[in-house]
Amino acid sequence: MKVHILTLFPAMFEGPFSESMVKRAQEKGLLQISLVNIRDYAHDKHQLTDDYAYGGGAGMVMKPEPVFEAIESITGPSLKNAGIPIVLTTPQGQRLDQPLVRTLAANAEVIIICGHYEGMDDRIREGLATHEISIGDYVLTGGELPAMVLTDAMARLQQGVLGSEQSLLQDSFNGGLLQYPQFTRPPEYKGMKVPDILVSGNHGQIDKWKRQQSLLRTARNRPNMLSKATLTKEDKVFLKAQGINPD
Ligand code: ADE
């Protein structure tokens, strides 16, 4: 897939996109990232991308023209009707979650507009954005980190980016439950032991234990996720026995 990122700070992306899985995904040709500097589309002599707010108020507001022109350079005149999702990162947006990542990652191309820390002319949202996305209920200094988060999450869903075993782990999250605890050698460290069941070799029991641990973690840390997850009869019996109401 191809991800176009519109930003005033393209250098911020250099480190995160040149390491680990995102780097490998690009090297394998599974992911293409195009960084578009919004300032390149500011045509006045000072290359201004922001201006004072109409009606007063603190802070500068990002101007619409450079952002519209940057998008047009990708989509042509159809802009938000080109069939390419245009994501605006903003604390006012819909909360990003795995189902939304999956929906966006299924597109051949996605455009991300990094929101501006002080504000953006609302015509950018109205006239360009097909999705407004927040990565959580806190305010960052700009939309660059959220754009990296979204790109990373979409990258790992591209076919061939993860190994087959990791892809299976991925599925466990897709079931709507949190990951179970994992261990490697040594079998005991600082008095903390690897659970006996994991070294028992009994794969039926191990799978059952993993499922139960996922259920317990989700119930403890993210009860809202548990109420949305697909639970079997056996899951519900287990949770009730733990004093947890599964519904
Ligand atoms: N811009 C600033 N804070 C943000 C957040 N939490 N999510 C998305 N974009 C943002």
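Structure: see above.
Residues numbered from 1 in each chain as written. Predicted model: local features only at pLDDT ≥ 70, side-chain atom pairs only at ≥ 80, totals over all residues. Heavy atoms only, no water.

Undergrad: Is there a simple way to think about helix α8 (residues 203-221) in this case?
TA: Across its 19 residues, α8 extends 27 Å between first and last C-alpha, which sits within 8% of the 27 Å expected from 1.5 Å per residue. Of all the positions in α8, only I206, W209, Q213, S214, L215, L216, T218 and A219 are classed as buried. Tucked into the core, α8 has its buried residues touching α9 (223-228) and α10 (233-241). (Helix = DSSP H or I, 4+ residues; strand = E, 2+ residues; numbered from the N terminus. Expected span 1.5 Å × (residues − 1). Buried < 20%, exposed > 50% of the residue type's maximum accessible area, 1.4 Å probe, protein only. Contact = heavy atoms within 4.5 Å.)

Undergrad: For this particular structure, what's the right way to read α10?
TA: Residues lying three or four places apart along an α-helix face the same way, a consequence of the helix completing one turn every 3.6 residues. Inspection of α10 places D235, F238 and L239 among the buried residues, and these make up the whole buried set. Viewed along the axis of α10, the buried residues span an arc of 95°, placing them on a single side of the element. Exposed residues lying more than 90 degrees from the buried face of α10 are K233, E234, V237, K240 and A241. Where the residues of α10 are buried, they touch α8 and α9. Remark: G243 follows α10 within two positions and exhibits a positive phi of approximately 80°. (Arc of directions from axis to C-beta.)

Undergrad: Please clarify how the packing of helix α4 (residues 98-105) against helix α6 (residues 144-155) should be interpreted in this entry.
TA: When two helices pack together, you describe them by how their axes are tilted relative to each other and by the distance separating the axes. Axis separation between α4 and α6 bottoms out at 9 Å; the angle between their running directions is 75°. As far as their axial angle goes, α6 and α4 are roughly perpendicular. When α4 is examined against α6, the residues V101, L104 and A105 are found in contact with a partner set consisting of L150, A153 and M154. Here the contact of α4 with α6 is composed, by residue class, of six nonpolar, no polar and no charged. (Axes fitted to C-alpha atoms, helices over the stretch in contact; angles between N-to-C directions. Parallel < 35°, antiparallel > 145°, perpendicular 65-115°, else oblique. Nonpolar A, V, L, I, M, F, W, Y, C, P; charged D, E, K, R; others polar.)

Undergrad: Help me understand the pattern of salt bridges, please; the structure alone is not making it clear to me.
TA: In a structure, side chains of opposite charge can pair up when their charged atoms sit close to one another. For the structure shown, the criterion picks out eight salt bridges. A salt bridge links D235 to R211, with the shortest nitrogen-to-oxygen separation between them at 2.7 Å. Of this pair, D235 sits in helix α10 while R211 sits in helix α8, placing them 24 residues apart in sequence. Look at D235 and you get buried, because its relative accessible area is 5%. We note a salt bridge from K236 to D247, for which the minimum N-O separation is 3.7 Å. Within this pair, whereas K236 is found in helix α10, its partner D247 is found in the segment after α10, the two being separated by 11 residues in sequence. By relative accessible area, K236 is classed as partly exposed at 30%. Overall, the relative accessible area of 64% leaves D247 in the exposed class. (Salt bridge = Lys/Arg side-chain N within 4 Å of Asp/Glu carboxyl O.)

Undergrad: Please explain the site of the ligand as it appears in this structure.
TA: In the vicinity of the ligand, the contacting residues are T89, T90, P91, I133, S134, I135, G136, Y138, V139, L140, G142 and P146. For the ligand, a nitrogen atom lies 3.2 Å from a polar atom in the backbone of G136. Against a free-state accessible area of 260 Å², the protein chains account for coverage of 96% of the ligand. Elements represented by at least two residues in the shell around the ligand include exactly β5 (86-95) and β7 (131-134). With three residues, the single largest contributor to the shell around the ligand is β5. When grouped by side-chain class, the residues that make up the shell around the ligand number seven nonpolar, five polar and no charged. (Near = heavy atom within 4 Å. Polar contact = N/O pair within 3.5 Å; in protein donor to acceptor, adjacent residues only side chain to side chain. Areas by Shrake-Rupley, 256 points an atom, 1.4 Å probe, with all protein chains shown as cover.)

Undergrad: Quick question: what am I supposed to make of the nonpolar core here?
TA: If you look at soluble globular proteins, the nonpolar side chains tend to sit buried side by side. Membership of the largest hydrophobic core comes to 26 residues, with the highest contact counts inside it found for I5, L31, I112 and M154. When contributions to this core are tallied by element, the ones reaching two or more residues are β1 (2-7), α2 (20-27), α4, β6 (109-114) and α6. Each residue touching I5, except ones within four places of it in the same chain, is listed here: F13, F17, I33, S34, L35, V36, I112, C114, A147 and T151. Residues M62, I86, L88 and I111 belong to the second largest nonpolar core, which totals 18 residues. (Core = buried A, V, L, I, M, F, W, Y, C linked by side-chain atoms within 4.5 Å.)

Undergrad: In this structure, what is going on with the environment of N107? I would like to understand it.
TA: Within the secondary structure, N107 sits in the loop between α4 and β6. Sequence spacing of N107 and Q94 is 13 residues, and the spatial spacing of their C-alpha atoms is 19 Å. With near-sequence residues (within four places) excluded, N107 lies in contact with M1 and P85.

In short, geometric facts, not functional conclusions.
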